[in-house]
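This is what each chain is made of:
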Amino acid sequence: MLNSTLIVVAVSIAAGATIRAWAFATFAFLVVAALGAVTLLKGSSLTEAIVSCLEVLVLMEICYLAGLFAFSWWGHIQKRRKKNSIADRSHVTGKRPHG
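Residues numbered from 1 in each chain as written. Predicted model: local features only at pLDDT ≥ 70, side-chain atom pairs only at ≥ 80, totals over all residues. Heavy atoms only, no water.

### Quick word on the UniProt feature "transmembrane region" (unreviewed entry) in the protein
Okay, so step 1: The UniProt record annotates "transmembrane region" (unreviewed entry) at residues 49-74.
Okay, so step 2: With 100% helix and 0% strand, residues 49-74 has end C-alpha atoms that lie 37 Å from one another. (UniProt positions renumbered as here; feature names shortened; annotations may be inferred. Helix = DSSP H or I, 4+ residues; strand = E, 2+ residues; numbered from the N terminus.)

Here it is, written out as structure tokens:
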């Protein structure tokens, strides 16, 4: 269970950086439905399967939002760094930036 949890976390964080929310919601629903089916086939009760699926779904959503936030923040930092490097270059060369 730990291995599958780590895979779900890694995929959800990566998805936060690459795909839109509606696509992730569809993906998460399919993963949780498959997990529920596997849990039921292993002989667990319906209640245990539903609780397990909800836990995984909540974990996936939290990790998706964390990935979305982290990569958005990283892009903001990179954009700011690029903006500052252009401004710093003008002081070194003595020329003013165009634009």
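### Digging into helix α2 (residues 21-41)
Okay, so step 1: Between its first and last C-alpha, α2 extends 30 Å over 21 residues, near the 30 Å set by a 1.5 Å rise per residue.
Okay, so step 2: Taken together, the buried positions of α2 are F24, A28, V32, G36 and T39. Down the axis of α2, the buried set is contained in an arc of 105°. They therefore lie on one face. Within α2, the exposed residues directed more than 90 degrees away from the buried face are W22, L30 and L41.
Okay, so step 3: Positive phi shows up at G43, right after α2, with a value of about 105°. (Expected span 1.5 Å × (residues − 1). Buried < 20%, exposed > 50% of the residue type's maximum accessible area, 1.4 Å probe, protein only. Arc of directions from axis to C-beta.)

### A word on helix α1 (residues 2-18)
Okay, so step 1: Taking 1.5 Å per residue as the helical rise, α1 with its 17 residues ought to reach 24 Å, and the 24 Å between its terminal C-alpha atoms agrees with that figure.
Okay, so step 2: Every buried residue belonging to α1 is among V8, S12, A15 and G16, and all of these are buried. Along the long axis of α1, the arc covered by the buried residues comes to 105°, so they all point the same way. Looking at α1, the residues exposed on the side facing more than 90 degrees away from the buried face are L2, N3, L6, I7 and T18.

### A look at the side chain of S12
Okay, so step 1: Mapped onto the elements of the fold, S12 is located in helix α1.
Okay, so step 2: By relative accessible area, S12 is classed as buried at 0%.
Okay, so step 3: Ignoring any residue separated from it by four or fewer positions in sequence, one finds S12 in contact with F24, M60, C63 and Y64. (Contact = heavy atoms within 4.5 Å.)

### Thoughts on the side chain of T39
Okay, so step 1: With respect to the helices and strands, the residue T39 is situated in helix α2.
Okay, so step 2: Within the structure, the side chain of T39 is placed 2.7 Å from the backbone oxygen of L35, a separation counted as a polar contact.
Okay, so step 3: Setting aside chain neighbours within four positions, we find T39 in contact with S44, A49 and S52. (Polar contact = N/O pair within 3.5 Å; in protein donor to acceptor, adjacent residues only side chain to side chain.)

### Let's talk about the packing of aromatic side chains
Okay, so step 1: Scanning the entire structure with this criterion turns up 2 aromatic pairs.
Okay, so step 2: Measuring from ring centre to ring centre gives 6.1 Å for F24 and F27, while their planes differ by 45°; the resulting arrangement is tilted. With F24 and F27 both in helix α2 and 3 residues apart, this pair spans about one turn of that helix.
Okay, so step 3: In this structure F24 comes out as buried when scored by relative accessible area, which is 1%.
Okay, so step 4: With centroids separated by 4.3 Å and ring planes inclined at 10°, the aromatic side chains of F24 and Y64 adopt a geometry described as stacked. One end of the pair, F24, is in helix α2; the other, Y64, is in helix α3 (residues 46-93), with 40 residues separating them in the sequence. (Phe/Tyr/Trp six-rings, centres within 6.5 Å; stacked < 30°, edge-to-face > 60°.)

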